[in-house]
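Topology and contacts: notes
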Amino acid sequence: MKINNITRKTGTKHTTLSADITFGAGIKENLYLRVANKYKHFVVSDANPFLAALLLPSMRKKEDLTIEGDVSPKLLTNTRSIMNLVEGWKVGFEKVSVKGKAKSGKTSPLNLNPSYSASFFTGGVDSFYTFLKHNKKKDAITHFIFIHGCDIPLENKEFFDDALKSVQIIAKEAGVEVIVVETNMRTILEQHLEWEWELGSALSSVALFLSNGLKKVYIPSGLRSDQLGPYGTHPELDPLFSTEKLEIIHDGCESSRIEKVANSIAKSPLALKYLRVCCQIIKGKYNCNECVKCEQTKMELLCAGALNKAKTLTHTIDVDLVRKAIYNTKLNYNLFPEDILKSLKKQNLEPALQEAVAFSIEKSKHLPLSRRGANLVAEIDKKYLDRRIYKFVFGFTEKEDRTFLYKFLSRTRLIS
Ligand SMILES: [Zn+2]
């Protein structure tokens, strides 16, 4: 894999950093990151963002990585630790050779001293927790970073605008600024690596892109330390993308999700007013109130005694939906309902709901043959077919209506 032709351009409205990425088979793509000119002084002109984005795809493809551009000496040295860690997980990554020109410091056109702290923010439990945790400290979070082109596909402009509007309202009330970054990173990289493995490096890439203005960037964690396993965003992995100027922090591993809700979200009027957790992309709906994530969050708020104070979720829990839910035990998500069940039992709350949660946990451990078959096809697709089945399904739906497909699959509980 080769990264070259790194270009930083300021247009009438936006500043864009781009690079040509040549993959082993000779396919060349132009990867870009873009931000409004208000933040043009934050934008670097070095190769760090591209190194962060391309390292794991290179390891997966077993292709050496050559970078024609300046790279932070610290980051270049850390690539060895990153590769040791990720290869050690034994999930299909192999060490490769990384060649780049180590050059620190004066790569900034204005040579500014970064002075702000930012966090990736979606309005969900993890990002609210990280924001609230640091809010009263000396180096409180001054900026939220919101990305178009990672979790939210570039094509889905309508949902992006909708989600951005709510993040901007929260930011205004919280007294922080929102930096919107647009990138085609996912469109390009998902062809080479499953997106779950790119999560931390993609966010680190965006943080590095803005590292002339940011000295510290938080990546909110989704799991408590004892729940962790190999995954694309991880407290041992994300900080290794830091440079001499920028500290990247994987934040929040001291608490499980139910603890975050009980100790932070349930006590914050701001979070209760604006919490957005839904994993569906449904036009005009802030939270769908029907998906696994919505139901789970409502149960966590119930355990915290704060469901009736939530402004963005209904106050009733559909016990039938809870019974039907299937949790992905492989990704440790099964721990969330187990935490909920423990808390409901301890407080002697809602016996019917307790029974439904217990039922869905057991069912998830012993999946029906059809579901196991579907999982096997997905595994084979990932391992041997270069995700052709996945790309067929989502390639089709991107052009059609992806929202509808997600909604349908979720309703029928084919995805959770
Ligand atoms: Zn939902």
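Here, every reference points to the structure presented above.
All values reported here derive from a predicted model rather than from experimental measurement. (Residues numbered from 1 in each chain as written. Predicted model: local features only at pLDDT ≥ 70, side-chain atom pairs only at ≥ 80, totals over all residues.)

Turning next to helix α11 (residues 335-346). Over its twelve residues, α11 runs 16 Å from end to end, which matches the ideal 16 Å to within 8%, given 1.5 Å per residue. Residues of α11 that are buried include every one of Phe-336, Pro-337, Asp-339, Ile-340, Leu-341, Ser-343 and Leu-344, and no others. Buried residues belonging to α11 abut α7 (257-263), α9 (292-303) and α12 (351-365). Phi turns positive one or two residues past the end of α11, at Asn-348, with a value near 55°. (Helix = DSSP H or I, 4+ residues; strand = E, 2+ residues; numbered from the N terminus. Expected span 1.5 Å × (residues − 1). Buried ≥ 20, exposed ≤ 12 C-beta atoms within 10 Å, placed from the backbone. Contact = placed C-beta atoms within 7 Å.)

Turning our eyes to something else, we now look at unusual backbone geometry. Phi at Lys-90 takes a positive value of approximately 55°, unusual for a residue other than glycine. Checked against the element boundaries, Lys-90 lands in the loop between α2 (73-88) and β5 (98-102).

With mixed pairing, ten strands are arranged side by side in an open sheet as β5-β4-β1-β2-β3-β8-β7-β6-β9-β10. Among the strands making up the open sheet, the edge pair consists of β5 and β10 (247-251). Direction aside, neighbouring strands of the sheet carry axes that sit 25° apart on average. Of the pairings in the sheet, the one linking strand β4 (residues 65-71) to β5 comprises four bridges and is parallel in character. The partner of Leu-65 across the bridge, within β5, is Val-98. Of the strands in this sheet, β4 and β5 touch α2, which is tilted by about 160° from β5. (Pairing = 2+ DSSP bridges. Axes fitted to C-alpha atoms, helices over the stretch in contact; angles between N-to-C directions.)

So, about the nonpolar core. By size, the foremost hydrophobic cluster in this structure holds 104 residues, and its most contacted members are Phe-50, Leu-51, Ile-145, Val-206, Ala-207, Phe-209 and Leu-210. Among the elements that take part in this core, helix α1 (residues 48-61) stands out by supplying eight residues, more than any other. Non-local contacts of Leu-51, meaning those with residues more than four positions away in its chain, are made with Ile-67, Val-71, Leu-75 and Gly-100. (Core = buried A, V, L, I, M, F, W, Y, C linked by C-beta atoms within 7 Å.)

Burial analysis of β10 places four of its five residues in the buried class, which makes it a mostly covered element. When strand β9 (residues 214-220) meets β10, the two strands line up parallel, connected through five bridges. In the strand pairing of β10, Val-217 is matched with Ile-248.

Everything listed is a geometric property; what it means functionally is a separate question.
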